[in-house]
Amino acid sequence: MKGIAGKNAIITGSSRGIGLAVAERLAAEGANIVLNSNVMEVDTPLIVELSEKYGVKVQAIQADVTSYEAVEKMINKVKEDWGSVDILVNNAGITKDNLILRMSPEDFDIIVDIHLKGVFNGVKAVYPLMMKQRSGKIINMASVIGIMGNAGQANYAAAKAGIIALTKSAAKELAGRGVNVNAIAPGFIQTAMTDAIPENEKAKILASIPMKRMAQTSEVASVIAFLASDEASYINGQTIVIDGGML
Ligand code: NAP
(Lines give C-alpha, C1' and ligand atoms only; values in the text may rest on other atoms or scores of the structure.)
Protein backbone atom coordinates (compact mmCIF):
# COMPACT_ATOMS: atom_id res chain seq x y z
CA MET A 1 0.00 0.00 0.00
CA LYS A 2 1.19 3.51 -0.85
CA GLY A 3 3.01 5.54 1.78
CA ILE A 4 3.98 2.93 4.40
CA ALA A 5 7.47 1.91 3.24
CA GLY A 6 10.22 3.64 5.24
CA LYS A 7 7.79 4.98 7.87
CA ASN A 8 8.34 4.35 11.60
CA ALA A 9 5.46 2.56 13.32
CA ILE A 10 4.81 1.88 17.01
CA ILE A 11 2.24 -0.79 17.81
CA THR A 12 1.29 -1.08 21.48
CA GLY A 13 0.46 -4.56 22.76
CA SER A 14 2.28 -6.27 19.90
CA SER A 15 3.87 -9.26 21.65
CA ARG A 16 1.03 -11.45 20.31
CA GLY A 17 -2.48 -11.44 18.85
CA ILE A 18 -3.80 -8.58 16.72
CA GLY A 19 -0.88 -6.28 17.61
CA LEU A 20 1.70 -8.77 16.37
CA ALA A 21 -0.27 -9.35 13.15
CA VAL A 22 -0.35 -5.57 12.61
CA ALA A 23 3.42 -5.36 13.21
CA GLU A 24 3.99 -8.12 10.64
CA ARG A 25 1.69 -6.55 8.08
CA LEU A 26 3.24 -3.07 8.43
CA ALA A 27 6.73 -4.65 8.23
CA ALA A 28 5.64 -6.49 5.08
CA GLU A 29 4.67 -3.07 3.67
CA GLY A 30 8.18 -1.81 4.48
CA ALA A 31 7.66 0.09 7.76
CA ASN A 32 10.20 0.04 10.59
CA ILE A 33 8.55 -1.52 13.60
CA VAL A 34 8.50 -0.87 17.34
CA LEU A 35 7.09 -3.82 19.26
CA ASN A 36 5.69 -3.11 22.72
CA SER A 37 4.02 -4.79 25.64
CA ASN A 38 3.95 -4.49 29.39
CA VAL A 39 6.35 -7.44 29.80
CA MET A 40 8.18 -7.11 26.47
CA GLU A 41 11.65 -8.63 26.41
CA VAL A 42 13.87 -6.02 24.78
CA ASP A 43 15.80 -8.85 23.07
CA THR A 44 12.72 -10.82 21.95
CA PRO A 45 13.49 -13.24 19.08
CA LEU A 46 10.75 -11.39 17.14
CA ILE A 47 13.27 -8.60 16.44
CA VAL A 48 15.55 -10.84 14.38
CA GLU A 49 12.63 -12.78 12.92
CA LEU A 50 10.81 -9.70 11.57
CA SER A 51 13.88 -7.73 10.52
CA GLU A 52 15.33 -10.70 8.57
CA LYS A 53 12.00 -11.63 6.98
CA TYR A 54 11.03 -8.11 5.88
CA GLY A 55 14.35 -6.21 5.73
CA VAL A 56 13.15 -3.42 8.05
CA LYS A 57 14.42 -2.00 11.35
CA VAL A 58 12.75 -3.52 14.42
CA GLN A 59 13.07 -2.69 18.12
CA ALA A 60 11.15 -3.77 21.20
CA ILE A 61 10.29 -1.43 24.06
CA GLN A 62 8.69 -2.43 27.35
CA ALA A 63 6.13 0.15 28.44
CA ASP A 64 2.92 -0.05 30.42
CA VAL A 65 0.36 1.95 28.44
CA THR A 66 -1.37 3.00 31.67
CA SER A 67 1.68 5.14 32.51
CA TYR A 68 1.88 8.42 30.60
CA GLU A 69 5.58 8.75 31.50
CA ALA A 70 6.38 5.29 30.10
CA VAL A 71 4.47 5.90 26.86
CA GLU A 72 6.04 9.34 26.37
CA LYS A 73 9.52 7.86 27.00
CA MET A 74 8.89 5.15 24.39
CA ILE A 75 7.67 7.63 21.77
CA ASN A 76 10.54 10.05 22.41
CA LYS A 77 13.09 7.21 22.19
CA VAL A 78 11.79 6.23 18.75
CA LYS A 79 11.93 9.87 17.62
CA GLU A 80 15.55 10.07 18.87
CA ASP A 81 16.60 6.72 17.37
CA TRP A 82 14.83 6.90 14.02
CA GLY A 83 13.99 10.61 13.55
CA SER A 84 10.19 10.41 13.48
CA VAL A 85 7.10 8.55 14.62
CA ASP A 86 4.80 8.27 11.61
CA ILE A 87 2.29 5.59 12.60
CA LEU A 88 0.96 4.87 16.10
CA VAL A 89 -1.39 1.93 16.62
CA ASN A 90 -2.89 2.08 20.13
CA ASN A 91 -3.84 -1.57 20.49
CA ALA A 92 -2.84 -2.87 23.96
CA GLY A 93 -5.64 -4.36 25.99
CA ILE A 94 -6.99 -6.98 28.36
CA THR A 95 -10.43 -8.04 29.62
CA LYS A 96 -11.81 -8.43 33.16
CA ASP A 97 -15.37 -9.57 32.45
CA ASN A 98 -18.14 -9.82 35.01
CA LEU A 99 -21.71 -8.70 35.52
CA ILE A 100 -21.84 -5.20 37.03
CA LEU A 101 -23.31 -6.80 40.16
CA ARG A 102 -20.07 -8.73 40.67
CA MET A 103 -17.60 -6.37 39.01
CA SER A 104 -15.17 -4.83 41.48
CA PRO A 105 -14.47 -1.11 41.18
CA GLU A 106 -10.80 -2.10 40.70
CA ASP A 107 -11.70 -4.23 37.65
CA PHE A 108 -13.60 -1.28 36.21
CA ASP A 109 -10.64 1.05 36.78
CA ILE A 110 -7.96 -1.22 35.30
CA ILE A 111 -9.90 -1.72 32.06
CA VAL A 112 -10.54 2.01 31.66
CA ASP A 113 -6.86 2.66 32.48
CA ILE A 114 -5.44 0.22 29.93
CA HIS A 115 -7.86 0.87 27.08
CA LEU A 116 -9.13 4.46 27.32
CA LYS A 117 -6.31 6.09 29.30
CA GLY A 118 -3.80 3.99 27.33
CA VAL A 119 -5.11 5.46 24.07
CA PHE A 120 -5.13 8.98 25.58
CA ASN A 121 -1.51 8.51 26.69
CA GLY A 122 -0.42 7.42 23.21
CA VAL A 123 -2.30 10.23 21.43
CA LYS A 124 -1.06 12.89 23.87
CA ALA A 125 2.58 11.77 23.71
CA VAL A 126 2.72 11.60 19.91
CA TYR A 127 0.61 14.75 19.39
CA PRO A 128 3.41 17.40 19.49
CA LEU A 129 5.67 15.28 17.25
CA MET A 130 3.06 14.67 14.58
CA MET A 131 1.85 18.27 14.80
CA LYS A 132 5.39 19.51 14.05
CA GLN A 133 5.89 16.90 11.31
CA ARG A 134 2.54 17.94 9.82
CA SER A 135 1.89 14.28 9.11
CA GLY A 136 1.02 11.10 10.93
CA LYS A 137 -1.46 8.26 11.27
CA ILE A 138 -2.98 7.24 14.58
CA ILE A 139 -5.17 4.14 14.69
CA ASN A 140 -6.98 3.31 17.93
CA MET A 141 -8.33 -0.10 18.83
CA ALA A 142 -12.01 0.07 19.77
CA SER A 143 -14.46 -2.86 19.51
CA VAL A 144 -18.01 -3.56 18.39
CA ILE A 145 -18.69 -4.03 22.10
CA GLY A 146 -18.13 -0.26 22.48
CA ILE A 147 -20.98 0.30 20.01
CA MET A 148 -23.46 -2.42 21.01
CA GLY A 149 -22.62 -3.07 24.71
CA ASN A 150 -22.41 -6.57 26.15
CA ALA A 151 -23.64 -8.19 29.35
CA GLY A 152 -20.58 -8.93 31.49
CA GLN A 153 -18.40 -6.33 29.78
CA ALA A 154 -19.61 -2.95 31.10
CA ASN A 155 -16.03 -1.89 31.89
CA TYR A 156 -14.70 -2.91 28.45
CA ALA A 157 -17.73 -1.53 26.55
CA ALA A 158 -17.49 1.83 28.34
CA ALA A 159 -13.74 2.09 27.68
CA LYS A 160 -14.14 1.16 24.00
CA ALA A 161 -17.01 3.65 23.53
CA GLY A 162 -14.74 6.26 25.09
CA ILE A 163 -12.02 5.39 22.57
CA ILE A 164 -14.44 6.05 19.70
CA ALA A 165 -15.30 9.49 21.12
CA LEU A 166 -11.65 10.29 21.89
CA THR A 167 -10.76 9.34 18.30
CA LYS A 168 -13.35 11.73 16.85
CA SER A 169 -12.12 14.55 19.10
CA ALA A 170 -8.42 13.96 18.35
CA ALA A 171 -9.20 13.84 14.62
CA LYS A 172 -10.90 17.24 14.86
CA GLU A 173 -7.88 18.68 16.72
CA LEU A 174 -5.24 17.25 14.40
CA ALA A 175 -6.88 17.15 10.96
CA GLY A 176 -5.57 20.62 10.08
CA ARG A 177 -2.03 19.39 10.82
CA GLY A 178 -2.07 16.59 8.29
CA VAL A 179 -2.68 13.88 10.90
CA ASN A 180 -5.37 11.21 10.47
CA VAL A 181 -6.86 9.68 13.62
CA ASN A 182 -9.19 6.73 13.15
CA ALA A 183 -10.44 3.75 15.13
CA ILE A 184 -11.32 0.22 14.24
CA ALA A 185 -14.03 -1.82 15.90
CA PRO A 186 -13.42 -5.54 15.47
CA GLY A 187 -16.03 -8.13 16.31
CA PHE A 188 -14.61 -11.47 17.46
CA ILE A 189 -11.05 -12.25 16.40
CA GLN A 190 -9.18 -15.51 16.99
CA THR A 191 -6.59 -14.58 19.68
CA ALA A 192 -5.61 -15.48 23.26
CA MET A 193 -8.30 -13.00 24.39
CA THR A 194 -11.12 -14.92 22.68
CA ASP A 195 -9.53 -18.34 23.40
CA ALA A 196 -10.39 -17.58 27.03
CA ILE A 197 -14.16 -17.45 26.28
CA PRO A 198 -15.93 -20.63 27.53
CA GLU A 199 -16.98 -23.03 24.71
CA ASN A 200 -20.75 -22.63 25.33
CA GLU A 201 -20.38 -18.82 25.13
CA LYS A 202 -18.30 -19.16 21.96
CA ALA A 203 -21.05 -21.23 20.30
CA LYS A 204 -23.58 -18.47 21.09
CA ILE A 205 -21.23 -15.83 19.67
CA LEU A 206 -20.65 -17.80 16.44
CA ALA A 207 -24.40 -18.19 16.00
CA SER A 208 -24.76 -14.38 16.14
CA ILE A 209 -22.15 -13.75 13.41
CA PRO A 210 -23.64 -13.90 9.87
CA MET A 211 -20.28 -15.15 8.52
CA LYS A 212 -20.36 -17.94 11.17
CA ARG A 213 -16.69 -17.63 12.07
CA MET A 214 -14.29 -15.42 13.99
CA ALA A 215 -11.83 -13.30 12.00
CA GLN A 216 -8.15 -14.08 11.64
CA THR A 217 -5.81 -11.41 13.02
CA SER A 218 -4.56 -10.75 9.46
CA GLU A 219 -8.08 -9.62 8.48
CA VAL A 220 -7.83 -6.84 11.09
CA ALA A 221 -4.20 -6.03 10.25
CA SER A 222 -5.03 -5.38 6.59
CA VAL A 223 -7.60 -2.70 7.53
CA ILE A 224 -5.11 -1.05 9.90
CA ALA A 225 -2.48 -1.08 7.12
CA PHE A 226 -5.01 0.60 4.82
CA LEU A 227 -5.72 3.32 7.42
CA ALA A 228 -1.97 3.80 7.93
CA SER A 229 -1.41 4.19 4.19
CA ASP A 230 -1.76 7.21 1.91
CA GLU A 231 -4.69 5.42 0.28
CA ALA A 232 -6.87 6.36 3.29
CA SER A 233 -5.74 10.00 3.20
CA TYR A 234 -9.27 11.49 3.40
CA ILE A 235 -10.59 9.19 6.14
CA ASN A 236 -10.53 10.96 9.52
CA GLY A 237 -12.33 10.49 12.83
CA GLN A 238 -13.98 7.28 11.67
CA THR A 239 -14.51 3.91 13.31
CA ILE A 240 -14.31 1.03 10.85
CA VAL A 241 -16.25 -2.06 11.92
CA ILE A 242 -14.70 -5.47 11.10
CA ASP A 243 -17.21 -7.99 12.40
CA GLY A 244 -18.38 -10.40 9.70
CA GLY A 245 -21.75 -8.62 9.59
CA MET A 246 -22.54 -9.06 13.30
CA LEU A 247 -23.47 -5.48 14.17
P1 NAP B 1 -4.02 -10.41 23.23
O2 NAP B 1 -3.71 -11.47 22.24
O3 NAP B 1 -4.31 -10.78 24.63
O4 NAP B 1 -2.87 -9.29 23.18
C5 NAP B 1 -2.92 -8.16 24.02
C6 NAP B 1 -1.62 -7.42 23.93
O7 NAP B 1 -1.67 -6.27 24.79
C8 NAP B 1 -0.43 -8.24 24.39
O9 NAP B 1 0.69 -7.94 23.59
C10 NAP B 1 -0.22 -7.75 25.81
O11 NAP B 1 1.11 -7.98 26.21
C12 NAP B 1 -0.52 -6.27 25.63
N13 NAP B 1 -0.80 -5.56 26.89
C14 NAP B 1 -1.69 -5.88 27.85
N15 NAP B 1 -1.64 -4.98 28.85
C16 NAP B 1 -0.71 -4.05 28.51
C17 NAP B 1 -0.22 -2.85 29.11
N18 NAP B 1 -0.67 -2.43 30.30
N19 NAP B 1 0.75 -2.14 28.46
C20 NAP B 1 1.23 -2.57 27.26
N21 NAP B 1 0.79 -3.69 26.64
C22 NAP B 1 -0.16 -4.42 27.26
O23 NAP B 1 -5.32 -9.58 22.76
P24 NAP B 1 -5.91 -9.26 21.30
O25 NAP B 1 -7.12 -10.09 21.13
O26 NAP B 1 -4.84 -9.27 20.27
O27 NAP B 1 -6.41 -7.76 21.56
C28 NAP B 1 -5.70 -6.62 21.11
C29 NAP B 1 -6.64 -5.43 21.12
O30 NAP B 1 -7.75 -5.70 20.26
C31 NAP B 1 -7.24 -5.10 22.49
O32 NAP B 1 -7.35 -3.70 22.66
C33 NAP B 1 -8.63 -5.72 22.41
O34 NAP B 1 -9.54 -5.09 23.28
C35 NAP B 1 -8.96 -5.46 20.95
N36 NAP B 1 -10.02 -6.32 20.41
C37 NAP B 1 -9.87 -7.66 20.39
C38 NAP B 1 -10.91 -8.44 19.87
C39 NAP B 1 -10.82 -9.95 19.82
O40 NAP B 1 -11.83 -10.58 19.49
N41 NAP B 1 -9.68 -10.56 20.09
C42 NAP B 1 -12.06 -7.83 19.39
C43 NAP B 1 -12.18 -6.44 19.42
C44 NAP B 1 -11.13 -5.68 19.94
P45 NAP B 1 1.59 -8.31 27.71
O46 NAP B 1 0.50 -9.11 28.36
O47 NAP B 1 2.82 -9.03 27.48
O48 NAP B 1 1.79 -6.96 28.32
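Everything here concerns the structure above.
Rules used throughout
- Residues numbered from 1 in each chain as written.
- Predicted model: local features only at pLDDT ≥ 70, side-chain atom pairs only at ≥ 80, totals over all residues.
- Heavy atoms only, no water.
- Axes fitted to C-alpha atoms, helices over the stretch in contact; angles between N-to-C directions.
- Helix = DSSP H or I, 4+ residues; strand = E, 2+ residues; numbered from the N terminus.
- Parallel < 35°, antiparallel > 145°, perpendicular 65-115°, else oblique.
- Left-handed = near helix turned anticlockwise from the far one by under 90°.
- Contact = heavy atoms within 4.5 Å.
- Nonpolar A, V, L, I, M, F, W, Y, C, P; charged D, E, K, R; others polar.
- Near = heavy atom within 4 Å.
- Polar contact = N/O pair within 3.5 Å; in protein donor to acceptor, adjacent residues only side chain to side chain.
- Areas by Shrake-Rupley, 256 points an atom, 1.4 Å probe, with all protein chains shown as cover.
- 1 Å grid on protein atoms, 1.4 Å probe; cavity = no way out; pocket = protein on both sides within 12 Å on 5 of 7 lines; lining within 4 Å.
- Sits in = over half its atoms within 2 Å of the grid points.
- Salt bridge = Lys/Arg side-chain N within 4 Å of Asp/Glu carboxyl O.
- Buried < 20%, exposed > 50% of the residue type's maximum accessible area, 1.4 Å probe, protein only.
- Points joined across faces, edges and corners; volume = space filled by probe spheres on them.

(A) Region of the structure containing the packing of helix α1 (residues 17-28) against helix α2 (residues 46-54). At their nearest, the axes of α1 and α2 sit 9 Å apart, and the two run at 30° to each other. Considering the angle they form, α1 stands roughly parallel to α2. The hand of the α1/α2 crossing is right-handed. Contact residues: α1 offers L20, E24, A27 and A28, while α2 offers L46, L50, K53 and Y54. Considering only residue class, the contact of α1 with α2 consists of six nonpolar, no polar and two charged.

(B) Geometry of the site of the ligand. The ligand sits among 31 residues. The nearest are S15, N91, Y156, I189 and T191. S37 is positioned such that a nitrogen or oxygen atom in its side chain is 2.9 Å from an oxygen atom of the ligand. Here K160 contributes a side-chain N or O atom positioned 3.0 Å from an oxygen atom of the ligand. Taken by itself the ligand offers 890 Å² of open surface, and the protein chains cover 94% of this. Given that more than half its atoms are within 2 Å of the pocket grid, the ligand belongs to the largest pocket. Secondary structure elements with two or more residues in the shell around the ligand: α1, β2 (32-37), α4 (105-133), α6 (154-174) and α7 (192-195). Of the residues that constitute the shell around the ligand, the class distribution is 14 nonpolar, 14 polar and three charged.

(C) Geometry of the pattern of salt bridges. For the structure shown, the criterion picks out six salt bridges. Between K77 and D81 there is a salt bridge, with the nearest N and O atoms lying 2.5 Å from each other. Of this pair, K77 and D81 both sit in helix α3 (residues 68-82), separated by four residues, roughly a single helical turn. Among the residues examined, D81 registers a relative accessible area of 40% and is labelled partly exposed.

(D) Examining empty space enclosed by the protein more closely. Inspection of every chain in the model, using the stated rule, returns one cavity of 30 Å³ or more. Each pocket or cavity is described by its volume, and for the largest cavity that value is around 60 Å³. As for the largest cavity, its lining consists of T12, V65, V71, N90, N91, A92, I114, H115, G118, V119 and G122. Among the elements that make up the lining of the largest cavity, the one with the highest residue count is α4 (five residues). Residues of the lining of the largest cavity, tallied by class, amount to five nonpolar, six polar and no charged.

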